[in-house]
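# Chains, contacts and geometry: an overview
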Amino acid sequence: MKPHQLVIEAFGPYADPVAIDFDALAAEGLFLIHGTTGAGKTFLLDALCFALYGEVSGDRSVKGLRSDHAAPGAVPRVSLAFSCGEARYRVERSPAHSAPKARGQGVTDKPPQALLLRLGANGEEQPVAARITEVTREVQQLVGLNAAQFRQVILLPQGRFAEVLRAKADDREALLKTLFDTVLYERAGWWLDDQAKAARQAVQKQHDAQAVLRDQAGHAWLPYAGLAEADGADGVPAPRALGEPAALAAPVAPVVPTDQAGLEALVGRIAAVVEASAAARAQADAAFTAARATRSGREALAERFDRRAAAAAQLAELEAKQPLVLDFRQRLARAEQAEALRPSLVAEQEAAQALAQLEQEIRSSLLNARRAQAQAPALPLAVQALDLDVLPSPEALGSAGADLAARAAEVRELANKAQEASAASQAAAAAGQRAAAAEAQAAEAGARLQQLQAQQQQELATLAQARTAHDQLDGLQRAAREATAQAAAAAAIAPAQARQLEAMAARNAADQRLNTHNAALNHLRRRQIEGMAARLAAGLEADSPCPVCGATAHPQPALPTADAVDDGQIQAVEQQLAAAHTDVHAAGVAVAQAEAALQGVLEKAGAGCEAVAAALAARTASEALAAASAQAARLTTLEQGTKAREQQGQDLQQAIEAARTAMALESRAQQEASGRAAELVAVVAQELGAGLDPATVLAAFAPLEAALRRLIGAAADHARAVARQQQAAQRLTAERAASPFPTATEATAALVDATKRAHWAQRIEAYEKQVIELQGALAAPELADLPEQRPDTAAALEAESLADQRRTTAVERHSEARGAQAEIQRLTQLHRERAAGLAQQRTHAELLSAVAYRCQGKAAPYISLQRWVLSAYLADICRYANQRLTLMTSGRYQLRLTDEGGHGGRQAGLGLRVLDAYTGEEREVSSLSGGETFQASLALALGVADTVQAHAGGVPLEALFIDEGFGSLDPDNLQLAMDELDRLREGGRMIGLISHVGALRERIRGGIEVIAGDRGSTLRVEA
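No experiment lies behind these values; they were computed from the predicted model shown.

With that settled, the discussion passes to the pattern of salt bridges. Counted under the stated rule, the structure contains 22 salt bridges. The salt bridge partner of Asp 193 is Lys 858, with a shortest N-O separation of 3.9 Å. Of the two residues, Asp 193 sits in helix H7 (residues 183-221) while Lys 858 sits in the loop between helix H21 (794-855) and helix H22 (865-888), which places them 665 residues apart along the sequence. A residue is classified by how much of its surface remains accessible, and Lys 858, at 42% relative accessible area, is partly exposed. Of the charged contacts, one joins Asp 389 and Arg 370 as a salt bridge, the two residues approaching to 3.8 Å between their closest N and O atoms. On the criterion of sequence distance, the pair formed by Asp 389 in the loop between helix H12 (381-385) and helix H13 (394-530) and Arg 370 in helix H11 (residues 342-375) is long-range, its members being 19 residues apart. Exposure remark for Arg 370: the relative accessible area of 28% places this residue in the partly exposed category. Salt bridges sharing partners connect three or more residues here, namely Glu 9, Arg 77, Arg 90, Glu 92 and Glu 125.

Set out below in structure tokens:
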């Protein structure tokens, strides 16, 4: 990758657009980037890296890249034209930033943007990618390096490699990890360690599982462990108490096999126990079968004995009930004779009951009719004269009912008129209520209208204030900004004056130190000249000519004094004097900068401006702006509210007029309805009489009409009931004369319902049948020849239960023994199968552990896989670095990779020492001087670049930027470093140096000067 043109706008310290033509600078192949500290030299490299990858170099963040000096609407932008091979591209990026809103006040957040274009031969631009991630991916493919590799290969910060050079092994490892991605090897070591741990855990788990299997087998054998001592040699179990389980035998220590052979022995011993328990079970089964047969025979004989005794007892009981059975036979015969008279008896009783009930109902109806007659007003004369103490004739009742119906029709017509009058009165009352409601609505709307008008006056005044505040906003904003800037400048005057005084004091102190060192140097030189004779005398030899007079005899050479001055003291003071000159120059620059800064804040603050007054004025202006902004913000809301109040007033005026119209109409309707009601009431009173309500009269007529109708029907029913009763009595008398019953009462008492008669007959028949059956059963042959006493079945049952318990105990023992045998056999087989797998797992775990320990540096040679890879990288770096360091130091120094830990220690592989060809000895890199350290770190940086380039696939390095470090070189070593840089730019490679060293400006004609100013930095390209 080779850059051609870089354009920066509103980015970092560069507020105004600046452009760098690298093609013009590349004519010499080597150019210098220089300027004052903090002007923004290194930021040019940040812009270059940001244009390609959207990242900045060093420790800066991509946030806040927009220039603080740029205009509010300026968009931060970086554009870079570059070439890769024969193709040429232009990439343009804009970081995330805040910009003023297009409408209204405030700012809006703008997202980052990116664009990659391919440039044609005739200048046309063809889009390649327009999304941030796509642009970054395309740039990485074109350049062949990612952002981290680009900063390692193209942008070389010297301080970082000096850290790598001087750091200890652990620190060097951490720094190299940031240069080379070796996380994969570290993760591989972790993964192997995890796998080894898992394998060891699996082995231990399987080993524990085998122990559990043996322990389970021992527990399964534990109930039978005492049999080896208590039983015979053949393994037959010794006798135990009845019901005693095997687990309750004499306690013994548990037997836990320790290996597969112990498990196999348990299999044989449990087999003998199972065989013995099977024989005991067979004996118990035979004894139980014999006991059950004995119990069955005795129970059969006892059952026949019990049947004979029960039949004899039942027959004696039945014979004692024979007189009661005879009485039931007689009662059944008399009930069957009375059954022939049942229809006549029932008919005569029903007719008499019906007649009595009807007469009772007639008396009740007459009472109700008299009450209704007395309570009903305005009755016809015929109804009033009707006698209801006794039942009238049907003709009299019919005539009175007709007169009452006619009178009811007349009263019903009067009720309709009264109802109409009531409706008219209700309508008048409702109209009066509606009129009153309309009047209240009109009054309420009028009051609301007055309140609305008063509120509208207040809102109009507030609206006028808001409009005035809106018109004053621009002026208040300008005043607030100016007052704030003036206050800030006024507040900065005192600190600036203090810094000026401090700078002047520092300059005075530096001048004093310079004068002191000058005086000391002059004094030492005088003393040195005074002692020069002794120095010459020290070098005289016999018969050798004196360098001053030429004599070969030296009779009295001068002797050195105690305070003689040597060259080392002179050189030390000269170095102090040179440092004092530098301090004086720096102090002068600081004084000039402090005076310029003070002059700047004085100009901004204005003449005669005090900090307190300026701060008060700024606060007052800000408060006025805030108050005006708050009022202006309400302008739209107030205008909308005023329009709404006008519409509300119109609505209320319409509501008042509608209420007044409704009130007039309802008052007229009330008068008309009241007149109509009065006319109808007069008519009803004239026809019916004063004080009588037609509805009440009709309600009183209804009970009387109903009572008369019931009396007419009751008279006819009474005549029919009397006739039926007489006919039933005559028929009953005729039928009873032919029966054995002298009176109807005796015949009725003898009656029994059919169900009861059938029940009596069934019981008599069942009695006779049961007597015959019991007599036959007692005469049966199977109940003959029985013993006098009942057989004893309890002893036989107890003997069978005891035999059953013994058999159950034998079955349980045999089942438990078989279960233990199956469990021991299963555990033995499972233990045998898992033993082979456990051996394989142990071998695999040991292999994994050995590899993991080796890769993590926990085993000889105690160097981790990641450190070994970093050591290989560092070896490549040293090989490339030594090619340049040898030339820069005239063959004196070479970097050597050493085993810093010694004897395979854990720090092995990343030690660095320097070989001094003058002495032939290796020594620590910390022993190098400042200039030598710069040479070594520059060689190391270039070695890293070469290594990364090689591992990145041989990416061509057409450009290189080196930041600082040349100030520590003396003229000779600076020349050697420049010679190495000249070799680097061979083949058309472009190299840019960032430095403050004046000697470089004399050597390198082309470059970029970065100039800092109050409104940001600018550039001047010197081609």
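Our focus in this paragraph is the packing of helix H9 (residues 260-320) against H21. Two elements in contact, H9 and H21, have axes whose closest approach is 7 Å; the angle formed by their N-to-C orientations is 160°. Considered as vectors, H9 and H21 are oriented roughly antiparallel to each other. The element H9 and its partner H21 pack so that their crossing is left-handed. Counted by class, the contact of H9 with H21 contains 23 nonpolar, seven polar and 13 charged residues.

The next thing to look at is unusual backbone geometry. Here the phi dihedral of Ala 10 falls at roughly 50°; this positive angle occurs in a residue that is not glycine. Notably, Ser 890 is not glycine yet its phi reads approximately 55°, a positive angle. If you trace the backbone, Ser 890 turns up in the loop between H22 and strand S11 (893-898). Look at Ser 890 and you get exposed, because its relative accessible area is 53%.

A separate point is the sheet that holds S11. Spatial ordering of the open sheet is given by S11-S12-S13, a layout of three strands whose pairing is antiparallel. Of all the strands in the sheet, the pair left with one neighbour each is S11 and strand S13 (921-924). The mean inter-strand angle of the sheet, taken between neighbouring strand axes irrespective of direction, is 40°. Examined bridge by bridge, S11 and strand S12 (residues 911-916) share six bridges and lie antiparallel to one another. Bridging from a neighbouring strand, Leu 897 pairs with Leu 912 of S12. Sitting on the sheet, H22 touches S11 and S12, and the angle it makes with S11 is about 170°.

The next thing to look at is H21. Taking 1.5 Å per residue, 62 residues should reach 92 Å; H21 reaches 87 Å between its end C-alpha atoms and fits that length. Taken as a whole, H21 carries its principal kink of about 25° at Ala 835. One or two positions beyond H21, positive phi appears at Gly 857, with a value near 75°.

Right, let's talk about the nonpolar core for a bit. Ranked by size, the top nonpolar core spans 49 residues in total, and within it Leu 44, Leu 52, Tyr 53, Phe 82, Phe 150 and Phe 961 carry the most contacts. At ten residues, the largest contribution of residues to this core is made by helix H2 (residues 41-53). Not counting residues up to four positions away in its chain, the partners in contact with Phe 150 are Met 1, Leu 48, Cys 49, Leu 52, Tyr 53, Leu 145 and Leu 155. Leu 874, Ile 877, Leu 940 and Ile 991 belong to the second largest nonpolar core, which has 40 residues in total.

Here the focus is the packing of aromatic side chains. For the structure on display, the rule yields seven aromatic pairs. Taken together, a centroid distance of 6.2 Å and an interplanar angle of 50° make the contact between Phe 22 and Phe 31 tilted. This pair shows no difference in class: Phe 22 is buried, exactly as Phe 31 is. Their ring planes at 45° and their centres at 6.3 Å tell us that Trp 221 and Tyr 224 sit as a pair that is tilted. Like Tyr 224, Trp 221 is buried. Three or more aromatic residues joined by ring pairs form one cluster here, namely Phe 11, Phe 43 and Phe 50. The ring of Phe 288 carries Arg 807 above its face, with NZ or CZ at 4.4 Å from the centroid. Between the NZ or CZ atom of Arg 879 and the centre of the ring of Tyr 880, over which it lies, the distance is 4.6 Å.

As a further point, take the sheet that holds strand S9 (residues 125-129). Spatial strand order, S2-S1-S4-S5-S8-S9: six strands in an open sheet with antiparallel pairing. Across the chains shown, the open sheet's two edge strands, defined by having one partner strand only, are strand S2 (18-21) and S9. Each strand of the sheet is rotated relative to its neighbour by a mean of 20°, with strand direction disregarded. Sheet topology note: the strand S4 (residues 77-84)/strand S5 (residues 87-94) ladder contains seven bridges and is antiparallel. In the strand pairing of S5, Phe 82 is matched with Tyr 89. Contacting S4, S5, strand S8 (113-119) and S9, helix H3 (residues 132-143) runs over the sheet at an angle of about 40° to S8.

With that settled, consider the pairing of strand S7 (residues 107-110). Where strand S6 (residues 97-100) meets S7, four bridges bridge the pair, whose relative direction is antiparallel. In the sheet register, Ala 99 faces S7, and the bridge partner there is Thr 108. Counted along the chain from S6 to the antiparallel partner S7, the turn is six residues long, and its residue Gly 104 has a positive phi close to 80°.

What follows covers helix H10 (residues 322-338). Relative to the 24 Å expected for 17 residues at 1.5 Å per residue, H10 spans 25 Å between its end C-alpha atoms, a close match to the ideal helical length. Residues of H10 that are buried: Val 325, Phe 328, Leu 332, Ala 335 and Ala 338. Along the axis of H10, the buried residues cluster in a sector spanning 135°; they form a single face. Looking at H10, the residues exposed on the side facing more than 90 degrees away from the buried face are Pro 323 and Gln 330. Residues of H10 that are buried sit in contact with H11, helix H19 (744-750) and helix H20 (754-778).

Among the eight residues of S4, seven are classified as buried, and the element is accordingly described as predominantly covered. Bridging between strand S1 (residues 2-9) and S4 involves seven bridges; their strand directions are antiparallel. Bridge pairing in S4 places Val 7 opposite Ser 79. Linking S4 to S5, which pair antiparallel, is a turn of two residues; within it Gly 85 sits at a positive phi near 70°.

When two helices pack together, their arrangement is given by the angle between the helix axes and the distance between those axes. One way to put it is that H7 packs onto H22 with a least axis distance of 8 Å and a crossing angle of 155°. Relative to H22, H7 is oriented roughly antiparallel. In this structure, H7 crosses over H22, and the sense of that crossing is right-handed. Residues Val 183, Tyr 185, Glu 186 and Ala 188 of H7 form the contact with H22, whose participating residues are Leu 865, Gln 866 and Val 869. Residue classes in the contact of H7 with H22 are distributed as five nonpolar, one polar and one charged.

About the cut-offs
- Along each chain, residue indices are assigned from 1 in the same order as the chain's sequence is written.
- Whole-chain, interface and lining totals are the exception, using all residues; otherwise, since this is a predicted model, local features are given only for residues with pLDDT of at least 70 and side-chain atom pairs are given and counted only at 80 or more.
- Values shown for side chains rest on all heavy atoms present in the structure; no hydrogens or waters enter the calculation.
- By salt bridge we mean one thing: a side-chain nitrogen of Lys or Arg within 4 Å of a carboxyl oxygen of Asp or Glu.
- Each helix corresponds to a stretch of at least 4 residues labelled H or I by DSSP, and each strand to a stretch of at least 2 residues labelled E; elements are numbered beginning at the N terminus.
- To sort residues, take the accessible area from a 1.4 Å probe on protein chains only and compare it with the maximum for the residue type: under 20% means buried, over 50% means exposed, and anything in between is partly exposed.
- For helices, the fitted line uses only the C-alpha atoms of the stretch in contact; every axis is such a line through C-alpha atoms, and the angle between N-to-C directions lies from 0 to 180 degrees.
- Reported orientations rely on four angle classes, namely roughly parallel under 35 degrees, roughly antiparallel over 145, roughly perpendicular from 65 to 115, and oblique for the rest.
- Note on convention: near helix rotated counterclockwise from far helix by under a right angle means a left-handed crossing. Clockwise means right-handed.
- Three categories are distinguished: nonpolar for Ala, Val, Leu, Ile, Met, Phe, Trp, Tyr, Cys and Pro, charged for Asp, Glu, Lys and Arg, and polar for the others, with Gly belonging to the last.
- DSSP calls a pair of strands paired once it identifies at least 2 bridges connecting them.
- Any two residues whose heavy atoms approach within 4.5 Å at even a single point are treated as in contact.
- Residue count minus one, scaled by 1.5 Å, sets the expected span of a helix.
- To get the bend at a residue, fit one axis to the 7 residues ending there and another to the 7 starting there, then take the angle between the axes.
- Think of a nonpolar core as a cluster: buried Ala, Val, Leu, Ile, Met, Phe, Trp, Tyr and Cys residues, connected wherever their side-chain atoms sit within 4.5 Å.
- Under the pairing criterion, centres of Phe, Tyr and Trp rings, with the six-membered ring standing for Trp, must be within 6.5 Å; the plane angle then separates stacked pairs below 30 degrees from edge-to-face pairs above 60, leaving the rest tilted.
- Two thresholds decide whether a charge sits over a ring: the Lys NZ or Arg CZ must be within 6 Å of the ring centre and within 35 degrees of the ring normal.
- The arc refers to the directions leading from the helix axis to the C-beta atoms.

It is worth stressing that arrangement in space is one thing and function is another; only the former is reported here.
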